Amino acid sequence: GESVGLHLPTLSVQEGDNSIINCAYSNSASDYFIWYKQESGKGPQFIIDIRSNMDKRQGQRVTVLLNKTVKHLSLQIAATQPGDSAVYFCAENPPQGAQKLVFGQGTRLTINP
Amino acid sequence: SQTIHQWPATLVQPVGSPLSLECTVEGTSNPNLYWYRQAAGRGLQLLFYSVGIGQISSEVPQNLSASRPQDRQFILSSKKLLLSDSGFYLCAWGVNSPLHFGNGTRLTVT
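Residues numbered from 1 in each chain as written. Chains lettered and ligands numbered in written order. Predicted model: local features only at pLDDT ≥ 70, side-chain atom pairs only at ≥ 80, totals over all residues. Heavy atoms only, no water.

Chemist: I keep staring at the overall build of chain B and nothing clicks. Help me out?
Modeler: Across its full length, chain B holds 0 helices and 11 strands. For a compact globule of 110 residues, the expected C-alpha radius of gyration is about 13 Å, and chain B comes in at 13 Å, within 12% of that figure. Across its three principal directions, the C-alpha atoms of chain B cover 40 × 25 × 20 Å. The buried share of chain B, taken over its 110 residues, is 51%. Looking at chain B alone, contacts between residues at least 24 apart form 54% of all its contacts between residues at least 6 apart. Summing over all exposed atoms, chain B offers an accessible surface of approximately 5,100 Å²; the carbon and sulfur share of this is 51%. Across chain B, 7 positive and 5 negative side-chain charges occur, with their mean positions spaced 8 Å apart. (Helix = DSSP H or I, 4+ residues; strand = E, 2+ residues; numbered from the N terminus. Rg over C-alpha atoms; globule rule 2.2 N^0.38 Å. Buried < 20%, exposed > 50% of the residue type's maximum accessible area, 1.4 Å probe, protein only. Contact = heavy atoms within 4.5 Å. Areas by Shrake-Rupley, 256 points an atom, 1.4 Å probe, with all protein chains shown as cover. Lys, Arg positive; Asp, Glu negative; His and termini not counted. Charge placed at Lys NZ, Arg CZ, Asp CG, Glu CD.)

Written out as structure tokens, the structure reads:
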């Protein structure tokens, strides 16, 4: 079946350093990918998205890279801050209609002062 | 701007009791609406989605049901809760965009 997974369940980085969170997806027909940030006790918050016709998209301090050849997605966070500590989820949108996103397990990012 | 509201934020219910969780969206019309469940330390599992009033699709067999009595209202229900129904329930909406989530209801069945 379809699945989206993350290579590393936890990641610790020093404040100010850059971080990279990776994600593998299994459905080569997925055409839309999203990264979410979830803080404790809250719902996931949209960070950045990318469509399958692109391989890179940049936001404020965040960059998403998409490698369709190996079905890999990554989220880069530049100059990390304490507020970046959270669980990060990738999600893919298989071509089933109705935006039925498939989520990965999540990576817990901890920013050390 | 669009907002999504879920309530209650936390709920403790005994096994066998009924459940009703409500979700409402403001600032948009005819959104797709979703119920997800998140087990502790895990990703999100899609339970139900709706593309319109009265239209409900179930993704996994379970003890729960969903209803959409109004365009921007989505309700998650159960007649008799099981221990395995404990979890973090998230409502989301989307219209040709990333899904936007509410802050969830943490349900503990005792």
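Chemist: Sorry, what's going on with the packing of aromatic side chains here?
Modeler: Geometry of an aromatic ring pair is reported as the spacing of the ring centres plus the angle between the planes. Inspection of the entire model under this criterion finds 10 aromatic pairs over all chains. When the centroid spacing of 6.5 Å and the interplanar angle of 80° are considered together, the rings of Phe89 of chain A and Phe103 of chain A count as edge-to-face. One end of the pair, Phe89 of chain A, is in strand β9 (residues 86-92); the other, Phe103 of chain A, is in strand β10 (residues 102-103), with 14 residues separating them in the sequence. The burial state of Phe89 of chain A is the same as that of Phe103 of chain A; both residues are buried. Summarising the aromatic geometry, the rings of Tyr34 of chain B and Tyr49 of chain B are spaced 6.3 Å apart at their centres and angled 25° between planes, so their arrangement reads as stacked. Of the two residues, Tyr34 of chain B sits in strand β4 (residues 32-38) while Tyr49 of chain B sits in strand β5 (residues 44-52), which places them 15 residues apart along the sequence. Tyr49 of chain B gets classed as buried once you look at its relative accessible area, which sits at 13%. (Phe/Tyr/Trp six-rings, centres within 6.5 Å; stacked < 30°, edge-to-face > 60°.)

Chemist: Looking at this model, I keep getting lost on the confidence of the model for chain B. Mind explaining?
Modeler: Note that predicted coordinates carrying low pLDDT should not be read in detail. Mean pLDDT over chain B works out to 93, with 100% of the residues at or above the 70 mark. The secondary-structure element of chain B with the lowest mean pLDDT is strand β6 (residues 55-58) of chain B, recorded at 93, while strand β8 (residues 73-78) of chain B shows the highest, at 97. (pLDDT = per-residue confidence, 0-100.)

Chemist: Explain the environment of Gly102 of chain B to me, please; I cannot follow it from the model alone.
Modeler: Along the polypeptide, Gly102 of chain B turns up in the loop between β10 (100-101) and β11 (105-109). The buried category is assigned to Gly102 of chain B, whose relative accessible area is 1%. Note: C-alpha distance between Gly102 of chain B and His5 of chain B (97 residues apart in sequence) is 5.9 Å. When neighbours within four sequence positions are excluded, Gly102 of chain B is seen to be in contact with Gly43 of chain A together with Ile4, Gln6, Leu90 and Cys91 of chain B.

Chemist: Could you clarify how one ought to interpret the nonpolar core in this entry?
Modeler: Side chains that are nonpolar tend, in soluble globular proteins, to be buried together. Residue and element names in this part refer to chain B. Counting residues in each nonpolar core, the largest one holds 21 residues, and the members touching the most others are Trp35, Phe48 and Tyr89. If you list the elements that add at least two residues to this core, you get β3 (19-26), β4, β5, β8, β9 (87-94) and β11. With 4 residues, β3 is the largest single contributor of residues to this core. (Core = buried A, V, L, I, M, F, W, Y, C linked by side-chain atoms within 4.5 Å.)

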